[in-house]
Amino acid sequence: MRILITAGPTREAIDPVRYISNRSSGRMGYALAAEAQARGHHVLLVSGPVTINTPEGCRKISVESADEMFDAVAENIDEVDAAIMSAAVSDYAPVHVAVEKIKKNDQGLMLELAKTRDILAAVREKFHFQGLLVGFAAETENLRLNALKKLKQKECDLMVANDVSRRDIGFDSDYNEVTIFRADGHEEVISRQLKKVVACAILDALDDLGSK
Ligand code: CTP
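Read on for an overview of the structure. (Residues numbered from 1 in each chain as written. Predicted model: local features only at pLDDT ≥ 70, side-chain atom pairs only at ≥ 80, totals over all residues. Heavy atoms only, no water.)

### Some words on the overall build of the chain
Summing up its helical and strand segments, the chain has five helices and twelve strands in all. Here the chain has a C-alpha radius of gyration of 17 Å; the compact-globule value for 212 residues is 17 Å, and the two agree. In terms of principal-axis extent, the alpha carbons of the chain reach across some 60 × 35 × 30 Å. Split into buried and exposed, the 212 residues of the chain put 46% on the buried side. A separation threshold of at least 6 residues defines the contact pool for the chain, and within that pool the share at least 24 residues apart is 60%. About 11400 Å² of surface is accessible on the chain, with carbon and sulfur atoms providing 47% of the total. Averaging the coordinates of the 27 positive side-chain charges in the chain and doing the same for the 33 negative ones gives two points 4 Å apart. (Helix = DSSP H or I, 4+ residues; strand = E, 2+ residues; numbered from the N terminus. Rg over C-alpha atoms; globule rule 2.2 N^0.38 Å. Buried < 20%, exposed > 50% of the residue type's maximum accessible area, 1.4 Å probe, protein only. Contact = heavy atoms within 4.5 Å. Areas by Shrake-Rupley, 256 points an atom, 1.4 Å probe, with all protein chains shown as cover. Lys, Arg positive; Asp, Glu negative; His and termini not counted. Charge placed at Lys NZ, Arg CZ, Asp CG, Glu CD.)

Here it is as structure tokens:
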């Protein structure tokens, strides 16, 4: 399969030197890219700013903001058979980006934020993608309920949910523990493992759907 994988955080500029972002390291997405490539799939990584090396053989488009990631996905989604949206996309971005560095003064500072476009939701709704679609659900509470809601709302085939409140897995860790929810109601718990191993389980589930 040709697989598009979004990975890493996005950065939403406040001024030339500051931005809003999150603690995503990109390790889960890059582990998925490496494993998919090793299995003989063709991988296109659409990646936010990370400090890890691109797995050998993968094509990569580097982006910074949610807007740029949206455009890169829009331009390439027609060319792939499956998409895995593991990026931690910022949900909000500053309405105004200051041209010069914002100077401090004696008062506080109010930032006006606007919602970014939901890339995963657009894949079916706007781009009318017919291929296999994998979403991620980063949750701190009601993991199962929220993941199932996202699975349905964003019309995914698989939703990979993890608890991002735990420090020993998920964001900025080599380990993850996830539940893979399938659109047909099947659920699989992958207990705490190296992200490499979790990536194998996610690709097993995807390959399984791809072979049907
Ligand atoms: N996602 C996306 N574009 C956004 C926000 C999220 O593509 N602007 C994708 C993520 O890559 C992930 C899925 O949507 O695959 C769910 O992301 P998550 O942050 O868990 O949930 P949200 O949809 O943003 O909802 P909430 O923050 O309320 O939990």
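The structure having been displayed, the exposition proceeds.
### Let's talk about the packing of aromatic side chains
The full count for this structure, using the stated rule, is one aromatic pair. Seen from their ring centres, F70 and F127 are 5.5 Å apart, and the 65° between their planes marks the pair as edge-to-face. Separated by 57 residues along the polypeptide, F70 in helix α2 (residues 66-76) and F127 in the loop between α3 (119-125) and β9 (132-139) bring together distant segments of the chain. On the basis of relative accessibility, which here comes to 6%, the residue F70 falls in the buried class. For R117, the ring lying beneath its charged end belongs to F70, and the centroid distance is 3.8 Å. Positioned above the aromatic ring of Y175 is the side chain of R192, whose terminal nitrogen or guanidinium carbon lies 4.1 Å from the ring centre. (Phe/Tyr/Trp six-rings, centres within 6.5 Å; stacked < 30°, edge-to-face > 60°. Lys NZ or Arg CZ within 6 Å of the ring centre and 35° of its normal.)

### Observations regarding the site of the ligand
Close contacts around the ligand come from 15 residues, with M85, A87, F136, K150 and K154 the closest. In the model, a nitrogen atom of the ligand is placed 3.0 Å from a nitrogen or oxygen of the I119 main chain. Contacts to the ligand include A138, whose backbone N or O atom sits 2.9 Å from an oxygen atom. Here the ligand, which alone exposes 570 Å², has 76% of that area covered by the protein. (Near = heavy atom within 4 Å. Polar contact = N/O pair within 3.5 Å; in protein donor to acceptor, adjacent residues only side chain to side chain.)

### Structural notes on the packing of helix α1 (residues 27-38) against helix α5 (residues 195-210)
Look at α1 against α5: their axes get within 8 Å of each other, and the N-to-C directions meet at 60°. As far as their axial angle goes, α5 and α1 are oblique. Read as a crossing pair, α1 and α5 show a hand that is right-handed. Note on element contacts: α5 touches α1 through K195, K196, V198, A199, C200, I202 and L203, opposite R27, M28, A31, L32, E35 and A36. For the contact of α1 with α5, the class distribution of residues is nine nonpolar, no polar and four charged. (Axes fitted to C-alpha atoms, helices over the stretch in contact; angles between N-to-C directions. Parallel < 35°, antiparallel > 145°, perpendicular 65-115°, else oblique. Left-handed = near helix turned anticlockwise from the far one by under 90°. Nonpolar A, V, L, I, M, F, W, Y, C, P; charged D, E, K, R; others polar.)

### Observations concerning the environment of R192
As for its placement among the helices and strands, R192 is situated in strand β12 (residues 187-194). As a C-alpha pair, R192 and Y175 span 17 residues in sequence and 6.4 Å in three-dimensional space. Setting aside its immediate chain neighbours within four residues, R192 contacts R166, D168, I169, Y175, N176 and E177. Within the local environment of R192, its side chain forms a polar contact with the backbone oxygen of D168, the two atoms lying 3.1 Å apart.

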